[in-house]
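Now for the letters of each chain:
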Amino acid sequence: MNRIQKISWLMVLCISVSLILSAIAITVLYLMFGFPAAWAGFGFMGLTGVSGLAPTIFKKDPGPIQCDERDRLINMKAARIGFGFSYGIFGLLCMGIWVYRYSQSIETISIHLLPMLFMAAGITVYLTHAITILMLYGKDNKPIEGGVA
């Protein structure tokens, strides 16, 4: 497993754990106190920041070549897919909020909602990028059917 894969695994782990803990915390706080107090459960999203330490945790691979053309192509493809998913999630959230507010005859939204939309798009791009990297490396490393003979 190369350095890029290790970094991706750490990102997937950190983001997944923080999303699950946030969802649990928001649910519990909502049942106990209701909104707006339940939004404090988003504090667990701070655990996502641990994934930013991945390049310092996982040192560069030994040897003169750190990455080749295949690694760069995988990274570029993962970045494009991550951007596409992020754009799609952002669009769905914006349109979903608009439809909900329109159906409730509410003409305005809270400005406190805007950072949450931005955060959702950012989390989506990083999580999708990491998952795509792992999928693309895994796709190329599958054993050949029928053996190597």
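Data block above holds the structure.
Residues numbered from 1 in each chain as written. Predicted model: local features only at pLDDT ≥ 70, side-chain atom pairs only at ≥ 80, totals over all residues. Heavy atoms only, no water.

Novice: Could you give an account of the overall build of the protein, with specific residues and numbers?
Specialist: A count of helices and strands for the protein gives 4 helices and 0 strands. Each helix and strand of the protein, ordered N terminal to C terminal, gives the series α-α-α-α. Expressed as a percentage of its 149 residues, the buried residues of the protein come to 26%. When contacts within the protein are restricted to residue pairs at least 6 apart in sequence, those whose partners lie at least 24 apart make up 78%. For the protein, the exposed surface amounts to about 10600 Å²; the carbon and sulfur share of it is 72%. (Helix = DSSP H or I, 4+ residues; strand = E, 2+ residues; numbered from the N terminus. Buried < 20%, exposed > 50% of the residue type's maximum accessible area, 1.4 Å probe, protein only. Contact = heavy atoms within 4.5 Å. Areas by Shrake-Rupley, 256 points an atom, 1.4 Å probe, with all protein chains shown as cover.)

Novice: Tell me about the packing of aromatic side chains, residues and numbers included.
Specialist: Within the structure shown, the criterion is met by 5 aromatic pairs. Note on tyrosine 30 and phenylalanine 35: the rings are 4.9 Å apart at their centroids and 40° apart in plane angle, and the pair reads as tilted. You can call tyrosine 30 partly exposed: its relative accessible area is 43%. With a centroid separation of 5.6 Å and 25° between ring planes, the pair formed by tryptophan 98 and tyrosine 102 is classed as stacked. Of this pair, tryptophan 98 and tyrosine 102 both sit in helix α3 (residues 69-103), 4 residues apart, roughly one helical turn. Judged by relative accessible area, tryptophan 98 falls into the partly exposed class, the value being 49%. The exposed category is assigned to tyrosine 102, whose relative accessible area is 60%. (Phe/Tyr/Trp six-rings, centres within 6.5 Å; stacked < 30°, edge-to-face > 60°.)

Novice: Explain the layout of surface pockets to me, using residue names and the numbers behind them.
Specialist: Its boundaries defined by the atoms lining it, the largest pocket holds a volume of some 190 Å³. What lines the largest pocket is simply Trp39, Ile97, Tyr100, Arg101, Ser110, His112, Leu113 and Met116. Breaking the lining of the largest pocket down by element, the ones donating at least two residues are α3 and α4 (113-140). Here the lining of the largest pocket is composed, by residue class, of 5 nonpolar, 2 polar and 1 charged. (1 Å grid on protein atoms, 1.4 Å probe; cavity = no way out; pocket = protein on both sides within 12 Å on 5 of 7 lines; lining within 4 Å. Points joined across faces, edges and corners; volume = space filled by probe spheres on them. Nonpolar A, V, L, I, M, F, W, Y, C, P; charged D, E, K, R; others polar.)

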